[in-house]
Amino acid sequence: MKAIFTKTSGLTERPFHYCPGCTHGIIHRLIGELLEEMDLVEKTIGVAPVGCAGFCENYFSCDMIGAAHGRAVAVATGAKRARPDRFIFTYQGDGDGASIGLAETVSAAARGEKITSIFVNNAIYGMTGGQMAPTSLVGQRTSTSPYGRDAGTMGFPLDLPKVLTQVEGAVYVASVSVESPQAIKEAKKALRKAFQIQLDGLGYSFVSILSTCPTNWGVNPVEALEWLNTKMKPQFALGELKVPSSEGGDRA
């Protein structure tokens, strides 16, 4: 019998522990597949902070470094400068990359660091109790905005990929999602391109992935996918937002 689907060598044998309906596992699978397909498993150093994103160090087969909250991009910068021959990526949640780590993300982009950041946006702080995140939607109820996010007092959601398109050193910026098979295929294409940007030494690459958090959203897994599709996707710009100038992209 011919095997048509097997576990990628880019992931360990350890079973995922994430909540039912969480899409971290899908994103892990895509990254693991690309590490294997692009022959990067033995050449890669991943950097993970705290929070649900930090658990990825248990699942990727490559070398991993644990970073303090918000400092994954800073640690990745040091790793890449020390070992420029290695492929370096960060795997971060939206609270980590767009709140406490916002300065690190923007600064690395401004410097054109030759690393890749994977930014998992589920519009909430996941592991720490479901608090409002920089990406939480206006009106969204969280443990720290029980009546819904009020733009007048709490501000508006931060669409970090759109911000990074204005930073010269950010060569490739994409925003994708994983709520359907077609969306998953597009996410993998964006990740592959981001990885290749780094391998070609062109500069900083950044991929935002809209993800789910059924537990803290207070919905079941099916409802979570629908919420992502109907609520999150209209809020955040999707697609390849910035590509290298050789592909007709805007470097401004």
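Up top is the structure these notes are about.
For the structure given in this document, a descriptive report is provided here.

### Concerning helix H7 (residues 181-199)
Piece 1. Between its first and last C-alpha, H7 extends 27 Å over 19 residues, near the 27 Å set by a 1.5 Å rise per residue.
Piece 2. Residues of H7 that are buried include every one of Ala183, Ala187, Lys188, Ala190, Leu191, Ala194, Phe195, Ile197 and Gln198, and no others.
Piece 3. On its buried face, H7 is in contact with helix H1 (24-37), helix H2 (72-82), strand E3 (87-93), strand E4 (116-121), strand E5 (170-177) and strand E6 (204-210).
Piece 4. The first or second residue beyond H7 is Gly201, which carries a positive phi of 70 degrees.

### Quick notes on the sheet that holds E3
Piece 1. Strands sit in the order E2-E1-E3-E4-E6-E5-E7 across an open sheet of seven strands; the sheet is mixed. One side of each edge strand has no neighbouring strand; the edge strands of this open sheet are strand E2 (63-66) and strand E7 (239-242). Averaged over all pairs of adjacent strands, the angle between strand axes in this sheet comes to 20 degrees, irrespective of strand direction.
Piece 2. Where E4 meets E6, six bridges bridge the pair, whose relative direction is parallel.

### What to know about the environment of Tyr18
Piece 1. Within the secondary structure, Tyr18 is located in the segment before H1.
Piece 2. Each C-alpha atom, one on Tyr18 and one on Asp150, is 30 Å from the other, the two residues being 132 residues apart in sequence.
Piece 3. When neighbours within four sequence positions are excluded, Tyr18 is seen to be in contact with His24, Gly25, His28, Cys52, Phe55, Cys56 and Tyr59.
Piece 4. Among the polar contacts made by the side chain of Tyr18, one reaches the side chain of His28 at a distance of 2.7 Å.

### Looking at H1
Piece 1. Taking 1.5 Å of rise per residue, 14 residues should cover 20 Å, and H1 covers 20 Å from first to last C-alpha, within 8% of that figure.
Piece 2. Among the 14 residues in H1, 11 count as buried, and that is most of the element.
Piece 3. Of all the positions in H1, only His24, Gly25, Ile27, His28, Arg29, Leu30, Ile31, Gly32, Glu33, Leu34 and Leu35 are classed as buried.
Piece 4. In the core, the buried residues of H1 are packed alongside strand E1 (44-48), E3, E4, H7 and E6.

### Re unusual backbone geometry
Piece 1. One non-glycine residue, Asp39, adopts positive backbone phi at about 55 degrees.
Piece 2. You can see Asp39 is positioned in the loop between H1 and E1.
Piece 3. A positive phi is found at Ala123, a non-glycine position, where the angle reads about 65 degrees.
Piece 4. With respect to the secondary-structure elements, Ala123 resides in the loop between E4 and helix H5 (151-154).

Conventions used here
- Residues numbered from 1 in each chain as written.
- Predicted model: local features only at pLDDT ≥ 70, side-chain atom pairs only at ≥ 80, totals over all residues.
- Heavy atoms only, no water.
- Helix = DSSP H or I, 4+ residues; strand = E, 2+ residues; numbered from the N terminus.
- Expected span 1.5 Å × (residues − 1).
- Buried < 20%, exposed > 50% of the residue type's maximum accessible area, 1.4 Å probe, protein only.
- Contact = heavy atoms within 4.5 Å.
- Pairing = 2+ DSSP bridges.
- Axes fitted to C-alpha atoms, helices over the stretch in contact; angles between N-to-C directions.
- Polar contact = N/O pair within 3.5 Å; in protein donor to acceptor, adjacent residues only side chain to side chain.

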